[in-house]
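Here is what each chain is made of, one letter per residue.
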Amino acid sequence: MIAYEAPTFISSYWGSSSNGKKGAWCALTNTQGEWIQVDLRSTHQVAGVMTQGRSDAREWVTAFGVHYSLDGLTWTSALNAVEAGSEVFEGNTDSSTIETNDFAVPITARFIRFLPTQWQAHICMRFELVGKVVAGAYPINLWATAHDNCDNRSVCVYPSQCREL
């Protein structure tokens, strides 16, 4: 697998006292509508996702949706392979176990957005996308905390709330 960094955009971020890192992406508030978005910078075929909770606390996402887009403007919901037709994916039951969720069919996208719908204590998650670059056979191995920022190229719902991680 080839690991690389990609820009990640967020609806909000809950920072810490020292360097803003929490061992995961954590939303500023525990409200419906929070999200984290990855710009893969090119078109990829994504077959599923792997998630974990926050590494240094008992906080994790227990259910979430995945939306995807080629242009960052028009979004489609990914469907769950296990629960046919469902747009909801089962999240984690603890901070460290890796949960794998396959899509009903692989999606083709440049942008991937995670939308937590249920959580334990606080909205916090780490994730990895499973797939490949459409033009080649390179698997993607991307952690949400690898390189996160928000700039003028982002497609943020609330640009004033985008934060550099």
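## Overview of the nonpolar core
Stage number 1. Counting 22 residues, the largest nonpolar core has Val-46, Phe-64, Val-66, Phe-103, Ile-112, Phe-114 and Leu-129 as the members making the most contacts within it.
Stage number 2. Sorting the residues of this core by element identifies β4 (36-52), β5 (60-69), β8 (99-120) and β9 (124-133) as the ones contributing at least two each.

## Re the pairing of β8
Stage number 1. Pairing analysis gives 11 bridges linking β4 to β8, with the strands arranged antiparallel. When the sheet's bridge partners are listed, Gln-45 is paired in β8 with Thr-108.
Stage number 2. Pairing geometry for β5 and β8, over 9 bridges, is antiparallel. Bridging across to β8, His-67 finds its partner in Arg-113.

## A few points about the state of the cysteines
Stage number 1. By the definition in use, this model includes 1 disulfide.
Stage number 2. Between the sulfur atoms of Cys-26 and its disulfide partner Cys-124 the distance amounts to 2.2 Å. Disulfide Cys-26-Cys-124: the torsion about the S-S bond is 115°, which places it as right-handed. Linking Cys-26 in strand β3 (residues 25-26) with Cys-124 in strand β9, this pair joins segments that are 98 residues apart in sequence.
Stage number 3. Owing to a relative accessible area of 0%, Cys-124 belongs among the buried residues under this scheme.

## Focus: the confidence of the model for the protein
Close inspection of predicted coordinates is inappropriate in any region flagged by low pLDDT.
Stage number 1. Here the protein averages 76 in pLDDT, and 68% of its residues register 70 or above.
Stage number 2. Across residues 1-5, confidence stays below pLDDT 50; counting only partners more than four residues off in sequence or on other chains, it has 17 contacts.
Stage number 3. In the predicted structure, residues 137-165 sits below a pLDDT of 50 and forms 80 contacts with residues beyond four places in sequence or in another chain.

## Some details on the packing of aromatic side chains
Stage number 1. This structure, assessed with the given rule, holds 5 aromatic pairs.
Stage number 2. Measuring from ring centre to ring centre gives 5.6 Å for Phe-89 and Phe-103, while their planes differ by 65°; the resulting arrangement is edge-to-face. Within this pair, whereas Phe-89 is found in strand β7 (residues 89-90), its partner Phe-103 is found in strand β8, the two being separated by 14 residues in sequence. Comparing Phe-89 with Phe-103 shows no difference in burial state: the two are buried.
Stage number 3. Considering the side-chain rings of Phe-114 and Phe-127, the 4.1 Å spacing of their centres and the 35° angle between planes classify their relative orientation as tilted.

## A short note on the pairing of β5
Stage number 1. Counting buried positions over the 10 residues of β5 gives 8, a clear majority of the element.
Stage number 2. In the sheet, β5 pairs with strand β6 (residues 76-77) via 2 bridges, with the strands oriented antiparallel. Note on β6: the bridge partner recorded for His-67 is Ser-77.
Stage number 3. Here β5 hands over to β6 after 6 residues, with Gly-72 in that stretch at a positive phi of 80°.

About the criteria used
All residue numbers refer to position in the chain's written sequence, counted from 1. Predicted model: local features are reported for residues with pLDDT of at least 70 only, side-chain atom pairs are reported and counted for 80 or more only, and whole-chain, interface and lining totals are derived from all residues. Computation of side-chain values: all heavy atoms of the structure, hydrogens and water removed. Nonpolar cores were defined as sets of buried Ala, Val, Leu, Ile, Met, Phe, Trp, Tyr and Cys residues, with membership established by side-chain atoms within 4.5 Å. Burial classes: relative accessible area under 20% of the type maximum marks a residue as buried, over 50% as exposed, and values in between as partly exposed (1.4 Å probe, protein chains only). A run of H or I in DSSP counts as a helix once it spans at least four residues, and a run of E counts as a strand once it spans at least two, with each numbered from the N terminus. For two strands to be treated as a pair, DSSP must find at least two bridges joining them. A pair of sulfur atoms, both from cysteines and within 2.5 Å, is called a disulfide here. pLDDT gives the predictor's per-residue confidence on a scale running from 0 to 100. We call two residues contacting when some pair of their heavy atoms lies within 4.5 Å. Here a pair means two rings of Phe, Tyr or Trp (six-membered ring of Trp) with centres within 6.5 Å. Their orientation is stacked below 30 degrees between planes, edge-to-face above 60, and tilted elsewhere.

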